[in-house]
Amino acid sequence: MKPLTEREIRTAFVNCTKGEAKRLSVPRDLAERPWDDLDYLGWRDPQAPHRAYLVTELDGCPRALVLRCPSPAPSRPRRGMCSTCLTAPTGGVSLMVAPKAGKAGQQGNTVGTYLCSDLACSLYVRGKKDAGAGARLQESLTLEEKIQRTVANVAAFIATVTT
């Protein structure tokens, strides 16, 4: 993924108003992010732990989503499989729900998917972050094929939000 600026990120949101995009919390450490290892940039809002954000590139243009998710639980995280990277990290997965774009979203329609609670799918797929024992299934796919699958899963989720 190519590095994005705060302005590019704010203008990429497809399922919130321009005012909401202007007010949301964007990471301050964008320059330090491992952009070459990211299929999408994901983060949780430090001021509102029940909100998360996801930004990726589709057809050369950044696309971003506002997500609603449960606050990180102080007890045992829910260990399940992420629908995007097919990892079951020890940090857990969360049902992330996105308001649909446009009129459907204004009417309250949403779509959801299970994502790694820390939104680190790209790093888990590449082995750059330890997901814990038994978190990754043994597969015959190459790393490139796993990356392509992750990218396709993110694109499919964004497509469900925007259609």
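Values in this document were obtained by computation on a predicted structure and should not be read as measured data. Per chain, the residues get numbers from 1 upward, laid out in the order the sequence is written. With pLDDT at 70 or above as the cut-off, local features in this predicted model cover only qualifying residues; side-chain atom pairs require 80 or more to be listed or tallied, and sums for whole chains, interfaces and linings still use all residues. Computation of side-chain values covers all heavy atoms of the structure but excludes hydrogens and water.

1. Observations regarding the pairing of strand β1 (residues 41-44)
- Burial along β1 is two-sided: Leu-41 and Trp-43 facing one way and Gly-42 and Arg-44 facing the other are all buried.
- Sheet topology places β1 next to strand β2 (residues 51-58); four bridges connect them, and they run antiparallel. Counted as the bridge partner of Gly-42 is Leu-54 from β2. Throughout, exposure labels follow a simple rule: accessible area from a 1.4 Å probe, protein chains only, divided by the maximum for the residue type, with under 20% read as buried, over 50% as exposed, and the rest as partly exposed. Numbering goes from the N terminus for both helices and strands, where a helix is a DSSP run of H or I of at least four residues and a strand is a run of E of at least two. Strands qualify as paired when DSSP identifies two bridges or more between them.

2. Examining the nonpolar core
- Throughout, nonpolar core names a set of buried Ala, Val, Leu, Ile, Met, Phe, Trp, Tyr and Cys residues whose side chains join them through atoms within 4.5 Å. Within the largest apolar cluster, 44 residues are counted, with the highest numbers of intra-cluster contacts made by Ile-9, Phe-13, Leu-41, Trp-43, Val-55 and Leu-67.
- Secondary-structure elements contributing two or more residues to this core are β1, β2, β3 (61-68), β4 (93-99), β5 (110-116), α4 (121-126) and α5 (143-162).
- Per-element accounting of this core gives the leading share, five residues, to α5.
- Residue contacts are counted whenever heavy atoms from the two residues lie within 4.5 Å of one another. Filtering out sequence-adjacent residues up to four positions away, Val-55 remains in contact with Met-1, Leu-4, Ile-9, Tyr-40, Leu-41, Trp-43, Arg-63 and Ala-64.

3. Brief notes about unusual backbone geometry
- You will see that Leu-86, though not glycine, has its phi angle at about 55°, which is positive.
- Counting through the fold element by element, Leu-86 comes out in the loop between β3 and β4.
- By relative accessible area, which is 26% here, Leu-86 ends up partly exposed.

4. A word on the side chain of Asn-15
- Within the secondary structure, Asn-15 is located in the loop between α1 (6-11) and α2 (18-23).
- Residue classification places Asn-15 among the buried residues on the basis of a relative accessible area of 8%.
- Polar contacts here mean pairs of N or O atoms no more than 3.5 Å apart (in protein, one a potential hydrogen donor and the other a potential acceptor; neighbouring residues in sequence count only if both atoms are side-chain atoms). In terms of polar contacts, Asn-15 uses its side chain to reach the backbone amide nitrogen of Val-66, at 2.9 Å.
- At a separation of 3.0 Å, a polar atom in the side chain of Asn-15 contacts the main-chain carbonyl oxygen of Pro-99.
- Excluding its chain neighbours within four sequence positions, the residues that come into contact with Asn-15 are Ala-64, Leu-65, Val-66, Ala-98, Pro-99, Lys-100, Ala-101 and Val-161.

5. What about α5?
- The end-to-end C-alpha distance of α5, which contains 20 residues, comes to 29 Å, matching closely the 28 Å that a straight helix rising 1.5 Å per residue would cover.
- Along α5, the positions that sit buried rather than exposed are Lys-146, Ile-147, Arg-149, Thr-150, Val-154, Phe-157, Ile-158 and Val-161.
- Buried-residue contacts for α5 involve β2, β3, β4, β5 and α4. A helix is expected to reach a length of 1.5 Å times the quantity of its residues less one.

Keep in mind these values describe shape, not function.
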